[in-house]
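Analysis of the macromolecular model
Given next are the chains, with one letter for each unit.
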Amino acid sequence: MTKQVELITYANSCDKIDFAVSCGITHIILNDAQLSIRSFEDYTDDDSFSHLLRLITHCRRKHPYLILSIQCDMLFHHTKDTLIKQFVTAIQSQDIDYIRVQDIGLLHYFSEVLPQTKLIFLSEMSNNNWRSIEAIASKAQRQTLNMELPHTSIKAIQDKVNTDFECVVQGPILIQYSHRRFMAGLNPDISNPEQKESIHRLAQDEDYPGRRFSFLDNPHGHFMFAYFDRCLLSCAPLLTNLHLSGWIIDDRGESDDYLKQACILYKHALTQHSAIDISPLEEVATRPQKPGFFKANQTDRRRYKSNFMTDITGFEKVAQILDAEKDKRISFECQRPIKRGDELHAFHPKIDSCSLVIDALWDMAGNKVSEGKPGQVLQIPYIKGIQQQAIFAKKR
């Protein structure tokens, strides 16, 4: 029997835990500001971790079947040695399923002093290759995949490394981090970087009006997030095909409605084989919703203006090329129905003339198919001269 995918989110109060469970969350990450590097809550010194222990007790009494983990993704510094030892003392006899870390030193330390507790390694800032992931798997029972990995790379890693994986399916994308508190001077209540308050600000890119980047400044450092949220609902078939252990909905800093709608839609995605309508989520979200790099990572590709190929008189756009591997396959997203036997013409500034007849068609699981629907990602054999970002069109 296929293992049920866990729906995962963060909580720092009993009320939030209860609400998340009512929405369908099956795995709670306890988000203590002393340990969680990206917590929006103000930092409070609590040597005994009494608040964290109350949350554990609440979970085990009211939701005994809930999977429970503790976020400890702080980047370890020797000045935090006492805090980490206090944390170990506080939770070593507690009934928790996982501790989540991104510092390699803490991964090794916890595996030695808490051998009964399973560990999840968070690779937001690293681990883009299977060799690194394989090495981490010797200490961690599960790994959170880097958000820069497209689904094809995730599948290739899964073919090489036999371990449990989870990924962020919904939430903010961290694009910059520094241990320094660059925004401390913006709050008159913060006189020096040792103060515990968190600062959250939005800033608009003057070159791109409407793109509002989010900034978080707390005792762990300074964080900058993309102007859009990662949202994989439009990629539901690709996502479910990966058979991950958990899907993380990161609603930190968002409303209860955001979490509720996200849970409804991702539960729907678990049983659907087509893209999910994201409009209910867009109504309550504060940022645009995009799949990011999940379909294809084209970070280092030359960008062209959106109107670079509008003059396709006599043709109808039917697909956008996402990735092209020389001598292998071309991956593209359908925008109109496509079937075997169709004649396609490729348009791109670097292509003078390129046309083909589809004689073979695959889905992203490698299965041969005869046709594709809008929103579906398919593959055809590689053809010389094709370019990423090109469009496929049919004659009208």
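Refer to the preceding data block for the structure.
What comes next concerns the included structure.

Reading the values: rules and limits
- Residues numbered from 1 in each chain as written.
- Predicted model: local features only at pLDDT ≥ 70, side-chain atom pairs only at ≥ 80, totals over all residues.
- Heavy atoms only, no water.
- Core = buried A, V, L, I, M, F, W, Y, C linked by side-chain atoms within 4.5 Å.
- Buried < 20%, exposed > 50% of the residue type's maximum accessible area, 1.4 Å probe, protein only.
- Helix = DSSP H or I, 4+ residues; strand = E, 2+ residues; numbered from the N terminus.
- Contact = heavy atoms within 4.5 Å.
- Disulfide = S-S within 2.5 Å.
- 1 Å grid on protein atoms, 1.4 Å probe; cavity = no way out; pocket = protein on both sides within 12 Å on 5 of 7 lines; lining within 4 Å.
- Points joined across faces, edges and corners; volume = space filled by probe spheres on them.
- Nonpolar A, V, L, I, M, F, W, Y, C, P; charged D, E, K, R; others polar.
- Polar contact = N/O pair within 3.5 Å; in protein donor to acceptor, adjacent residues only side chain to side chain.

Things to note about the nonpolar core
Counting residues in each nonpolar core, the largest one holds 74 residues, and the members touching the most others are Ile91, Ile99, Phe110 and Tyr266. When residues in this core are grouped by element, the largest group, 7 residues, is from helix α8 (residues 256-269). Ignoring sequence-local partners within four residues, the contact set of Ile91 consists of Leu52, Leu53, Ile56, Ile70, Ile96, Ile99 and Leu114. Ile321, Ile330, Cys334 and Leu361 belong to the second largest nonpolar core, which has 22 residues in total.

As for the environment of Pro288
Among the structural elements, Pro288 can be located in the loop between α9 (279-284) and β12 (289-290). It is 29 Å that separates the C-alpha atoms of Pro288 and Asn129, two residues lying 159 residues apart in sequence. The residues touching Pro288, leaving out its near neighbours within four places in the chain, are Tyr227, Phe228 and Asp229.

Considering the state of the cysteines
All chains considered together, the criterion is met by 0 disulfides. No disulfide involves Cys23; its nearest neighbouring cysteine sulfur is the one of Cys263, lying 5.0 Å away. Note on Cys167: no disulfide assigned, nearest cysteine sulfur contributed by Cys235 at a separation of 10 Å. Note on Cys167: relative accessible area 1%, which makes it buried.

Some words on empty space enclosed by the protein
Within this structure, the stated rule accounts for 1 cavity of 30 Å³ or more. Within this model, the largest cavity holds a volume of roughly 110 Å³. What lines the largest cavity is a set of 13 residues, and nearest its centre among them are Tyr10, Arg38, Glu124, Val168 and Arg252. Of the residues contributing to the lining of the largest cavity, the split by class is 5 nonpolar, 2 polar and 6 charged.

Things to note about the side chain of Asp217
Within the element layout of this structure, Asp217 appears in strand β9 (residues 212-218). Of note is the side chain of Asp217, whose polar atom sits 3.1 Å from the side chain of His222. Once residues within four sequence positions are removed from consideration, Asp217 is found in contact with Arg181, Phe182, Met183, Ala184, Glu197, Ser198, Ile199 and His222.

Quick word on unusual backbone geometry
Within the chain, Phe49 stands out as a residue other than glycine whose phi angle is a positive 55°. Secondary-structure assignment places Phe49 in the loop between β2 (27-30) and α2 (50-62). Under the relative-accessibility criterion, Phe49 is labelled buried at 0%. You will see that His243, though not glycine, has its phi angle at about 55°, which is positive. Following the sequence through the fold, His243 ends up in the loop between α7 (236-241) and β11 (246-249).

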